[in-house]
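Chain and residue survey
The primary structure of each chain is shown beneath.
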Amino acid sequence: MTTSLTPSSPQINATVMASAGTGKTYMLVNRLVRLLLTGARPDAILAITFTRKAAAEMQSRLSERLLALASATDEQLAGQLQAMGVTADAATLSRAQRLFETLLQSRMQVRTTTFHAFCQEILLRFPLEADVPPGFELLESGAEQLEAARAT
């Protein structure tokens, strides 16, 4: 598999800063697909974003993209891979067609989450190192606690 180097290339580290609607999610999904094409295990991939809505959107688009690859003809598939910067040989075409099924059969999926959820998970795993009480719970809103503190 030959690839061109773009921000979606798994071979490079990239920071993407752009306005809403400029294609960041599209580029990130391309990167996820390219990682899977290179043989990365789905459970070894973690995509972190700012909102739950964005994380769900990324997961949904990844599933849609993999389904499109699985249901494409060889000619369509080659075109889709080329649009992602991947030069498709026979082995790459075959791997791309199987990605959707591979993901469905995996015990763990590609994980998309938020920065807050990821950090909370780390704190829950290592509370003593983070100097937080084991088993702590985050508050969605601290309004009641703020009012109680003001009342004392």
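Calculation notes
Residues numbered from 1 in each chain as written. Predicted model: local features only at pLDDT ≥ 70, side-chain atom pairs only at ≥ 80, totals over all residues. Heavy atoms only, no water. Core = buried A, V, L, I, M, F, W, Y, C linked by side-chain atoms within 4.5 Å. Buried < 20%, exposed > 50% of the residue type's maximum accessible area, 1.4 Å probe, protein only. Helix = DSSP H or I, 4+ residues; strand = E, 2+ residues; numbered from the N terminus. Contact = heavy atoms within 4.5 Å. Salt bridge = Lys/Arg side-chain N within 4 Å of Asp/Glu carboxyl O. Axes fitted to C-alpha atoms, helices over the stretch in contact; angles between N-to-C directions. Parallel < 35°, antiparallel > 145°, perpendicular 65-115°, else oblique. Nonpolar A, V, L, I, M, F, W, Y, C, P; charged D, E, K, R; others polar.

**Observations concerning the nonpolar core**
One finds Val33, Leu62, Leu66 and Leu81 to be the most contacted residues of the largest nonpolar core, which totals 21 residues. If you list the elements that add at least two residues to this core, you get helix 1 (24-37), helix 2 (52-71), helix 3 (74-83) and helix 4 (90-105). The element contributing the most residues to this core is helix 1, with five residues. Filtering out sequence-adjacent residues up to four positions away, leucine 66 remains in contact with Val33, Leu36, Leu99, Phe100 and Leu103.

**Considerations on the pattern of salt bridges**
This model, assessed by the stated rule, comprises four salt bridges. The partner of aspartate 43 in a salt bridge is arginine 41, and the shortest N-O contact between them spans 2.9 Å. One salt bridge in this structure joins glutamate 147 and arginine 150, with 3.4 Å as the shortest N-O distance. Of this pair, glutamate 147 and arginine 150 are both found in helix 7 (residues 143-151), three residues apart, which corresponds to roughly one turn of the helix.

**Things to note about unusual backbone geometry**
At aspartate 131, a residue that is not glycine, the phi angle is positive and equals roughly 60°. Residue position: aspartate 131 is located in the loop between helix 6 (127-130) and helix 7. Aspartate 131 sits in the exposed class, given a relative accessible area of 73%.

**A look at the packing of helix 3 against helix 4**
Running from amino to carboxyl end, helix 3 crosses helix 4 at an angle of 95°, the nearest separation of the two axes being 10 Å. Comparing the axis directions of helix 3 and helix 4 gives the class roughly perpendicular. On helix 4, the residues that touch Asp74, Leu77, Ala78 and Leu81 of helix 3 are Thr92, Leu93, Ala96 and Gln97. The residue inventory of the contact of helix 3 with helix 4, partitioned by class, reads five nonpolar, two polar and one charged.

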